[in-house]
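Notes for the structure review
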Amino acid sequence: MTIARTICLGFLSAILLGALLLTLPLSTTSGEWNSPLVALFTSTSAVCVTGLIVVDTGTVFSHFGQGVILLLIQVGGLGYMTLSTFLMLLLGRRFALNQRFAIKESFDQPYNQGTRNLIRSIIATTMLGELTGIILLFGRFSQDFNPLEGLWLAIFHSISAWNNAGFSLFSDSLVGYQHSLLVSGAISGLIIFGGIGYEAIIEMYLWLRHRWLRKRRPFAFSLNFSVVTTTTLWLLGVGTVAFLFVEWSNPDTFAGMSWGEKAIAAWFQSVTTRTAGFNSIDIGKMTTAGLFITMGLMFIGASPSGTGGGIKTTTLSILASCTKTVLLGHHHVILFRREIMQTIVFKAIAVVFGSVTLITIATAVISICNPEIELIAILFEVISAFATVGLSTGITASISPIGQMTLIFTMYCGRVGVLLLMSAILGEVAPRRVSYPEENLLVG
């Protein structure tokens, strides 16, 4: 079995097992058997760390069901290969070379050395981040709920935020805490660090340690770190300003808030569109411009090796630099004084093309099955599913069963990756050994 198929089947197995557990009467507050479609949709959304829901998580699912969802989120956020490898390390078992290559593929690593340390670092980073979030959120939730319930809410929302899942036990997500600087700050921090990628976090730690030890040799950041952090900061800043501009006078979102509250809400909206799925305002009441800005940020998504989806920040940076190269008449794509390999540029183009194709087909299918729903609402839903965001204008539950199955497939493709899924379907392809003559072609 190829590495791509191993990863894809691993996620699929987790989804089916989760759906089975969520179908049980033990998982619902009513004590009755759950709808198979609802269970499958919820399980897929959890494993794919999306957050789209067809029923209210906090009222329909029991504490057991919520626990299953939380476990699925953790599995989906860490990744099938990371979790299975960590369990093997706990059992003291060795893993074969093909398993190391699977881990390399799942994290898009150019090498397969140091696998054990990589897995340990990922688990340690995850536990530290989620524990920090639990402590911060408990300080706020314990004021509104009894200590035990406040602790459970803190645990659930911390893990959901770190893994960019967007699941909430509140019916209105975080609208009730839109003015809370502590909740908005804690959730935003968890989303950013969870989505920026483990490699960037580990490199940030190494830089801090380098500064602490006051070493004379300057610390050299990797190209990945430079691209990821710079692009992330730019997107967060531009998104915040854009939401402030288009939603400032909207009576259903920002109007009525103070300047500071608007700034917090705009910042949170800019952060959460980066594949997190929490919302502190009513998404369905945003302006049309606000919805299009949200769709653009959702499509870009998080960073490689992080818990989020989308085409990734590195892909955006490569394509932007590729455009700059063409406009300047140069022949090489340069980022931070480093030349990008042609194969990486091809991969970035393929990612965008495959993503746009999938979104177009899914939007068309749902539009045909649900002609009564506006196109912009369907497109918003599909992009949210593909980028594993979870934001919705409120139409998820009203979409037809065929439409919901389409969203399930879209979420799955978005989580495992379009190229990885195609590789799993096609299998190993032998490299081409024939060269053809070049010829000019009109473009644009």
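Residues numbered from 1 in each chain as written. Predicted model: local features only at pLDDT ≥ 70, side-chain atom pairs only at ≥ 80, totals over all residues. Heavy atoms only, no water.

To continue, consider the overall build of the protein. In terms of helices and strands, the protein carries 18 helices and two strands. Against the compact-globule benchmark of 22 Å for 444 residues, the protein has a radius of gyration of 22 Å, which places it among compact chains. Dimensions along the principal axes, computed over C-alpha positions, put the protein at roughly 65 × 55 × 55 Å. Across the protein, contacts joining residues at least 24 apart in sequence account for 70% of those joining residues at least 6 apart. When the accessible area of the protein is evaluated, it comes to approximately 22,000 Å², of which 66% is carbon and sulfur surface. Charge centroids of the protein, computed over 25 positive and 21 negative side chains, lie 20 Å from each other. (Helix = DSSP H or I, 4+ residues; strand = E, 2+ residues; numbered from the N terminus. Rg over C-alpha atoms; globule rule 2.2 N^0.38 Å. Contact = heavy atoms within 4.5 Å. Areas by Shrake-Rupley, 256 points an atom, 1.4 Å probe, with all protein chains shown as cover. Lys, Arg positive; Asp, Glu negative; His and termini not counted. Charge placed at Lys NZ, Arg CZ, Asp CG, Glu CD.)

This paragraph deals with the environment of Leu182. Locating Leu182 in the fold gives a position in helix 9 (residues 181-195). Separated by 133 residues in the primary sequence, Leu182 and Val49 have C-alpha atoms spaced 23 Å apart. Apart from residues lying up to four places away in sequence, Leu182 is in contact with Leu136 and Arg140.

This next bit is on the pattern of salt bridges. For side chains of opposite charge, pairing can occur when their charged atoms come near one another. The final tally for this structure, using the stated rule, is two salt bridges. For Arg140, the salt bridge identified is with Asp144, shortest N-O distance 2.9 Å. In this structure Asp144 comes out as partly exposed when scored by relative accessible area, which is 40%. Residues Lys285 and Asp282 are paired through a salt bridge, measuring 4.0 Å at the closest nitrogen-oxygen approach. By relative accessible area, Lys285 is classed as partly exposed at 44%. Among the residues examined, Asp282 registers a relative accessible area of 36% and is labelled partly exposed. (Salt bridge = Lys/Arg side-chain N within 4 Å of Asp/Glu carboxyl O. Buried < 20%, exposed > 50% of the residue type's maximum accessible area, 1.4 Å probe, protein only.)

Turning next to the packing of aromatic side chains. Under the defined criterion, the tally for this structure stands at nine aromatic pairs. The interplanar angle of 10 degrees and the centroid separation of 4.6 Å between the aromatic rings of Phe221 and Phe225 together place this pair among those described as stacked. When its relative accessible area of 9% is taken as the criterion, Phe225 is described as buried. Taken together, the aromatic side chains of Phe141, Phe145, Phe170 and Tyr177 make up a single cluster linked through ring pairs. Across from the ring centre of Trp248, 3.8 Å away, lies the NZ or CZ of Lys262, which sits over that ring. (Phe/Tyr/Trp six-rings, centres within 6.5 Å; stacked < 30°, edge-to-face > 60°. Lys NZ or Arg CZ within 6 Å of the ring centre and 35° of its normal.)

Turning our eyes to something else, we now look at the side chain of Thr410. Here Thr410 shows up in helix 17 (residues 401-416). Within the structure, Thr410 has its side chain in polar contact with the backbone oxygen of Thr406 (distance 2.7 Å). (Polar contact = N/O pair within 3.5 Å; in protein donor to acceptor, adjacent residues only side chain to side chain.)

Judged by side-chain polarity, Leu9, Leu12 and Leu16 come together as a nonpolar surface patch covering roughly 250 Å² of accessible area. One can find Leu16 in helix 1 (residues 3-23). (Patch = residues over 30% accessible without salt bridge, like charges linked within 9 Å, V, L, I, M, F, W, Y side chains within 5 Å.)

Moving on to the packing of helix 1 against helix 2 (residues 36-47). One way to put it is that helix 1 packs onto helix 2 with a least axis distance of 8 Å and a crossing angle of 135 degrees. One way to sum up the angle between helix 1 and helix 2 is to call them oblique. For helix 1 against helix 2, the interelement crossing comes out right-handed. Contact with helix 1, carried on its side by Phe11, Ala14, Ile15, Leu16, Gly18, Ala19, Leu22 and Thr23, involves Ala39, Leu40, Thr42, Ser43, Thr44 and Val47 of helix 2 and no other residues of that element. (Axes fitted to C-alpha atoms, helices over the stretch in contact; angles between N-to-C directions. Parallel < 35°, antiparallel > 145°, perpendicular 65-115°, else oblique. Left-handed = near helix turned anticlockwise from the far one by under 90°.)

Worth remembering: the numbers are spatial, not functional.
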